[in-house]
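Structural characterization, general
Listed here are the chains, written in short residue letters.
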Amino acid sequence: VVGIALLAMYWMARNQKRVAGWFEKLGGRWPFFKRYILPRIGALLEGLGALTSLKQFLLVLFWIALSWAIWVTVYYIMLLPIAPGAPMWWAAFGDGVLAMGVAVPSAPAALGVFEGSLAGALSLVGVPFSLALGYAILMHFTQFVITGALGLWGLAREGRTLSSMVSELRRPMANK
C-alpha cells in the first residue's frame, strides 16, 4: 500500500497540471472544497515537485527502505530475548503498528502512545502483554538513545552546540 501511494505521488508530481485540473473540476461543485481544500492541493502538488526527478525519487525510496530495514532489524534483535524463535514479521508488524500509532496526536515524544501501540501489536501476535509492555518501554528508550546520539553527532559535525541552537530559537521570540 505504501509503495502504491509513493508511486501515485510520483505520478502526481510528474503530471501536476492534469491532477490540478481534475481537482478543480471536482472542487467547482462544492464551495467548501473550493475554498479550503483546493489551495492546499496546489501546495501539495508544489511540494511533490521535488519528486519529479526519477533519480531523486529512487534515492528517497532507497533511504526510506533502508531506514525501515534497520529499525525492523533492531526491533527483531531486541524482541528475540523475550520471544525466542519469533518470526521477523512480528518486528515488522510491531513497527508498522507503531508508525500508525504515533501518528495520533499525543504527548511530546509520543509517551504512552508509543508503548501502547507497540505492546498492543505484540500482544496480538502472542507475546504476553506485560513482556510486550516492558519491551516497548525498552525500545522507546533505545530509540531516544540512538536518535539522540545521532543528533549530537550531527551537531558536533556542524560545529554547533545545543545551547547555541536554543538561544537561536529564543531570539525570534525576543524580537516580537
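Worth saying up front: this structure is predicted, and the values here are computed from it rather than measured.

**Considerations on the nonpolar core**
The biggest cluster of nonpolar side chains holds 21 residues, and the ones touching the most others in it are Y75, L118 and L122. Residue assignment for this core shows that the elements contributing at least two residues are α4 (54-79), α5 (88-101), α6 (113-124) and α7 (129-157). Here this core gets five residues from one element, more than from any other, and that element is α4. If sequence neighbours within four positions are ignored, L118 has contacts with Y75, G94, L98, Y135, A136 and M139. Grouped together as the second largest cluster of nonpolar side chains are ten residues, Y10, V19, I41 and L48 included.

**Digging into α4**
For α4, which comprises 26 residues, the first-to-last C-alpha distance of 37 Å matches the rise-based estimate of 38 Å (1.5 Å per residue) to within 8%. Those residues of α4 not exposed but buried are F57, W71, V72, Y75, Y76 and L79. Buried positions along α4 lie against α1 (2-14), α5, α6 and α7.

**Considering the packing of α5 against α6**
Close contact between α5 and α6 brings their axes to 8 Å; oriented N to C, the two are set at 145°. As α5 runs across α6, the sense of the crossing is right-handed. On α6, the residues touching W90, F93, G94, V97, L98 and G101 of α5 are V113, F114, S117, L118, A121, L122 and L124. When grouped by side-chain class, the residues that make up the contact of α5 with α6 number ten nonpolar, three polar and no charged.

**Description of the side chain of T142**
The topology assignment puts T142 in helix α7. You can call T142 buried: its relative accessible area is 16%. Within polar-contact distance, the side chain of T142 engages the backbone oxygen of L138 at 2.8 Å.

**Description of the packing of aromatic side chains**
The tally for this structure, following the rule as stated, stands at six aromatic pairs. Between W11 and W22 the ring centres are 5.6 Å apart and the planes differ by 25°, which places this aromatic pair in the stacked class. Of this pair, W11 sits in helix α1 while W22 sits in helix α2 (residues 16-27), and the two are eleven residues apart along the sequence. Overall, W11 belongs to the partly exposed group, its relative accessible area being 33%. Looking at W22, the relative accessible area reads 47%, which means it is partly exposed. Between the aromatic rings of W89 and F93, the centroid separation amounts to 6.4 Å while the plane-to-plane angle is 65°, which identifies the pairing as edge-to-face. Linking W89 with F93, this pair stays in helix α5, spanning four residues, or about one helical turn. Every member of this aromatic cluster is reached through a ring pair, and the members are W89, W90 and F93.

Scoring rules and cut-offs
Within any chain, residue numbers begin from 1 and follow the written order of that chain's sequence. Where totals are concerned, whole chains, interfaces and linings use all residues; where local detail is concerned, this predicted model gives features only for residues with pLDDT of at least 70, and gives and counts side-chain atom pairs only at 80 or more. Processing note: side-chain calculations cover all non-hydrogen atoms of the structure and skip hydrogens and water entirely. Definition of nonpolar core: a set of buried residues of the types Ala, Val, Leu, Ile, Met, Phe, Trp, Tyr and Cys, connected through side-chain atoms within 4.5 Å. For every residue, the accessible area (1.4 Å probe, protein chains only) is compared with the maximum for its type, and the residue is labelled buried under 20%, exposed over 50%, or partly exposed between those bounds. Each helix corresponds to a stretch of at least 4 residues labelled H or I by DSSP, and each strand to a stretch of at least 2 residues labelled E; elements are numbered beginning at the N terminus. Contacts: residue pairs with any heavy atoms within 4.5 Å of one another. Helix span, expected: 1.5 Å multiplied by one less than the number of residues in the helix. Axes, fitted as lines to C-alpha atoms, cover a helix only where it is in contact. Angles between the N-to-C directions of the axes lie from 0 to 180 degrees. In this scheme, a crossing is called left-handed if the near helix is turned counterclockwise away from the far one by less than a right angle; it is called right-handed if the turn is clockwise. Residues are grouped as follows: Ala, Val, Leu, Ile, Met, Phe, Trp, Tyr, Cys and Pro are nonpolar; Asp, Glu, Lys and Arg are charged; all remaining types, including Gly, are polar. Whenever two N or O atoms come within 3.5 Å, that pair is a polar contact, provided that in protein one can donate a hydrogen and the other can accept it, and provided that, for residues adjacent in sequence, both atoms are side-chain atoms. Stacked, tilted and edge-to-face pairs are distinguished by plane angle, under 30 degrees for stacked and over 60 for edge-to-face with tilted covering the rest, among Phe, Tyr and Trp rings (Trp via its six-membered ring) whose centres lie within 6.5 Å.

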